[in-house]
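Architecture and fold: a report
Here's the letter readout for the chains.
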Amino acid sequence: MTSRERREKGMLFLADDADWVEMKQARRLTQELNTVDRADFDAIRGIVNRLFGKSDETTFVNPPFYCDYGFNIEVGRNCFINFGGVFLDNVKIKLGDNCMLGPGVSLYTAGHALHPDSRKFGYEYGMPVTIGDDVWVGGHTIVCPGVTIGSNVVIGAGSVVTRDIPDWSFAAGNPCRVIRKITEADRKYYFKDRELDEEVDAELRAKLEGIR
């Protein structure tokens, strides 16, 4: 099997010449992304659409951004990836719609065996990372290989996510764990005990009604 076939089956692999061709292309595109005029939002979106396997004009990435392959990254609509994102995409990284990733968020599909014998010769593996719809991942969070984060989830800043997180959860910590469920009672608050004002509440209800 080729290296790519082994990666996609979750097997140990050694990067081959074909992998390096694809990784070099990703590095060229990330260099272009990371040196473009930061105020040229259209140019940034255009480069991201060439780099990612799936994205559109509603996706925005604040450079700098780094990845291994790019084509293994699939991003839904209306997603925002803030400064300093690192996506190690040996295999698929999937984000649903309306996801927000804070600065310095790292998504890792790449891993190495616990025992040193295979590591010393460069063997590695890839396990997919999947994030659902309407997820906010706080700044400087690390998501480890094989993790699935459900929809309508908030991950607290600085977390290290080593296991799956279910829908409608607020989770945080190292290792990241579910703190509590997110419920309808949370709707009227935006920070601790601060409530939405009447103007924003009315605007939000109208916008939600418009998409139903």
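Scroll up a little and you will see the structure.
Nothing here was measured: the structure is a model prediction, and the numbers come from that model. Starting afresh in each chain, residues are numbered from 1 along the sequence in its written order. Selection of residues for local features in this predicted model requires a pLDDT of at least 70, selection of side-chain atom pairs for listing and counting requires 80 or more, and totals for whole chains, interfaces and linings are taken over all residues. Each side-chain value is worked out from all heavy atoms of the structure, with water and hydrogens disregarded.

1. Some remarks on the nonpolar core
In terms of nonpolar packing, the biggest core is built from 37 residues, with F65 and F87 touching the most fellow members. Secondary structure counts use DSSP, requiring at least four H or I residues in a row for a helix and at least two E residues in a row for a strand, with both numbered from the N terminus. Elements that contribute at least two residues to this core include exactly α2 (17-35), α3 (41-51), β1 (60-61), β2 (65-67), β3 (73-75), β6 (93-95) and β11 (129-131). Residue contacts are defined here by distance: any two heavy atoms, one from each residue, within 4.5 Å place the two residues in contact. With residues near it in sequence (within four places) discarded, F65 still touches T30, L33, N34, L51, F52, I73, I81, G85 and F87. Put simply, a nonpolar core is a bunch of buried Ala, Val, Leu, Ile, Met, Phe, Trp, Tyr and Cys residues held in one set by side-chain atoms that sit within 4.5 Å of each other. A 1.4 Å probe rolled over the protein chains alone gives each residue an accessible area, and that area as a share of the maximum for its type sets the label: buried under 20%, exposed over 50%, partly exposed in between.

2. What about the sheet that holds strand β7 (residues 100-101)?
The pairing of strands in a sheet comes from backbone hydrogen bonds and takes either a parallel or an antiparallel form. Note on pairing: two strands pair once DSSP finds at least 2 bridges between them. Here we have 7 strands laid out as an open sheet, ordered β1-β4-β7-β12-β15-β17-β18, and mixed in their pairing. In this open sheet, the two strands that pair with only one neighbour each are β1 and β18 (177-181). Across 2 bridges, the pairing between strand β12 (residues 136-137) and strand β15 (residues 154-155) is parallel. If you follow W136 over to β15, its bridge partner there is V154.

3. Looking at a nonpolar patch on the surface
What goes into a patch is any residue over 30% in relative accessible area without a salt bridge, connected to like charges within 9 Å or, for nonpolar side chains (Val, Leu, Ile, Met, Phe, Trp, Tyr), within 5 Å. Residue exposure ignores everything except the shown protein chains as possible cover, and the areas themselves are Shrake-Rupley values with a 1.4 Å probe. When a carboxyl oxygen of Asp or Glu lies within 4 Å of a side-chain nitrogen of Lys or Arg, that pair is called a salt bridge. Together, L12, L14, F121 and Y123 make up a nonpolar patch on the protein surface, roughly 360 Å² of accessible area in all. Inspection of the secondary structure puts F121 in the loop between α4 (116-119) and β10 (125-126). Using a relative accessible area of 59% as the deciding quantity, one classes F121 as exposed.

4. Here's the deal with the sheet that holds strand β16 (residues 160-161)
Reading across from one edge, β2-β5-β8-β13-β16 is the order of the 5 strands in this open sheet, with parallel pairing throughout. This sheet does not close on itself; its edge strands, each paired only once, are β2 and β16. Inspection of the sheet shows strand β8 (residues 106-108) paired to strand β13 (residues 142-143) by 2 bridges, in the parallel sense. Each residue of the ladder has a partner; that of S106, found in β13, is I142.

5. So, the state of the cysteines
Disulfides are defined as cysteine sulfur pairs within 2.5 Å. What the rule picks out here adds up to 0 disulfides. Note on C99: no disulfide assigned, nearest cysteine sulfur contributed by C79 at a separation of 4.5 Å. Considering cysteine sulfurs only, C176 is the nearest to C144, which forms no disulfide, with 10 Å between them.

6. Some remarks on unusual backbone geometry
Cis geometry marks the peptide bond from P63 to P64; its omega dihedral reads 5°. Structurally, P64 is set in the loop between β1 and β2. Here the residue pair N174 and P175 is connected by a cis peptide bond, since its omega of -5° sits within 30 degrees of zero. Inspection of the secondary structure assignment puts P175 in the loop between β17 (169-172) and β18. Although it is not a glycine, N78 adopts a positive phi angle of roughly 60°.

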